[in-house]
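Below, each chain spelled out in residue letters.
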Amino acid sequence: MKPSTKMRDEATGRYLPVIYPEELPFWEGAKKRELWLQRCCGCGKVFYPIGAACPHCFSMKFAWERMSGKGTIHNWVIYHKAWTPWFEDKVPYAVVQVELEEGPRLTTNLLDCKPHDAKIGMPVEVAYEDITDEITLVQFRPAKP
Ligand code: ZN
């Protein structure tokens, strides 16, 4: 996988994430259906967004680590307006902030769940959505009991 500055998929009109070189372990992990984030070698905390330094202690030493993929909904919002044409048949949809067991929070979509069924504290698990041949998004869905 290579870094990418492509902003939009011409075939679908969907906006694409810009992929920076330092994020490649995250995106390559997603392609393999694995969630990888950085653990700080200074304070031991997992952090996100991906960066060159730990936001807790500013150490620049870290190791990539596979996450459990389990977490809970910390917060949510429901989008009723399609801000780009690609979303016109997707609204309403939920955008949730998931707090991982390992600590960091990721903002994602909630798959396999009606938007208004999203609840704070709801257990969720990581899910993956292939949006191009190259790019797989990290998403979440309600955890199986
Ligand atoms: Zn740290």
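Below, the structure is looked at part by part. Numbers given for residues are sequential positions, taken from 1 along each chain in its written order. Owing to the predicted nature of the model, reporting of local features is limited to residues with pLDDT of at least 70; listing and counting of side-chain atom pairs is limited to 80 or more, with chain, interface and lining totals taken over all residues. Hydrogens and water molecules were not included; the side-chain quantities draw on all heavy atoms of the structure.

## A look at helix α1 (residues 24-31)
The test is simple: Working definition: with a 1.4 Å probe on protein chains only, accessible area under 20% of the residue-type maximum means buried, over 50% means exposed, and in between means partly exposed. Strands are runs of DSSP state E lasting at least two residues, helices are runs of H or I lasting at least four, and both sets are numbered from the N terminus onward.
Leu24, Phe26, Trp27, Gly29 and Ala30 are the residues of α1 that are buried. Phi turns positive, to about 65°, at Arg33, one or two residues after α1.

## Observations concerning the coordination of the zinc ion
In plain terms, the rule: Only nitrogen, oxygen and sulfur atoms qualify as donors, provided they sit within 2.8 Å of the metal or within 3.2 Å for Na, K and Ca; with water excluded from the atoms, sites may seem incomplete. A site with four donors is called tetrahedral when every donor-metal-donor angle falls between 85 and 135 degrees; four donors are called square planar, and six octahedral, when opposite donors sit more than 155 degrees apart and all other angles fall between 65 and 115; any other arrangement is irregular.
The protein atoms donating to the zinc ion are Cys40 (SG), Cys43 (SG), Cys54 (SG) and Cys57 (SG), with metal-donor distances spanning 2.3 to 2.4 Å. Coordination at the zinc ion comes from 4 donor atoms whose angles at the metal span 98 to 118°, giving a geometry best classed as tetrahedral. Mapping the donors of the zinc ion onto the primary sequence yields the spacing C-x2-C-x10-C-x2-C. Of this pair, Cys43 sits in the loop between β1 (36-40) and β2 (46-47) while Cys57 sits in the loop between β2 and β3 (62-66), and the two are 14 residues apart along the sequence. The exposure class assigned to Cys43 is partly exposed, which follows from its relative accessible area of 34%. Cys57 sits in the partly exposed class, given a relative accessible area of 33%.

## Concerning the sheet that holds strand β4 (residues 70-79)
Formally: What makes two strands pair is DSSP finding at least two bridges between them. To get an axis, a line is fitted to the C-alpha atoms, and for a helix only the part in contact is used. The angle between two axes follows their N-to-C directions and goes from 0 to 180 degrees. Between two residues, a contact is recorded if the distance between any of their heavy atoms is within 4.5 Å.
Here 5 strands make up an open sheet; going across it, the order is β6-β5-β4-β7-β8 and the pairing antiparallel. Of all the strands in the sheet, just β6 (105-109) and β8 (136-142) have a single pairing partner and so form its edges. Within the sheet, the average angular offset between the axes of one strand and its neighbour, ignoring direction, is 40°. By the bridge criterion, 5 bridges tie strand β5 (residues 93-100) to β6 in an arrangement that is antiparallel. What sits directly across from Gln97, in β6, is Thr107. Those strands touched by α1 are β7 (123-130) and β8, and its axis lies near 60° from that of β8.

## A short note on the packing of aromatic side chains
The condition is simple: In this analysis, rings of Phe, Tyr and Trp, with Trp reduced to its six-membered ring, are considered paired at centre separations within 6.5 Å, and the interplanar angle assigns stacked below 30 degrees, edge-to-face beyond 60, and tilted for intermediate values.
For the structure shown, the criterion picks out 7 aromatic pairs. With a centroid separation of 5.0 Å and 90° between ring planes, the pair formed by Phe26 and Trp27 is classed as edge-to-face. Each member of the pair Phe26 and Trp27 is classed as buried. Relative to Trp64, the ring of Phe62 has its centre 6.5 Å away and its plane inclined at 85°; by these criteria the two rings are edge-to-face.

## Points about the side chain of Arg14
What counts is decided by this rule: We call two N or O atoms a polar contact when they sit within 3.5 Å, provided that within protein one can donate a hydrogen and the other can accept it, with sequence-adjacent residues counted only if both atoms are side-chain atoms.
Position of Arg14 among the secondary structure elements: in the segment before α1. Here the side chain of Arg14 touches Glu129 through a polar contact of 3.3 Å, side chain to side chain. Once residues within four sequence positions are removed from consideration, Arg14 is found in contact with Met7, Arg8, Asp9, Trp86, Glu129, Ile131, Leu137 and Gln139.

That's the geometry; what it means functionally is another story.
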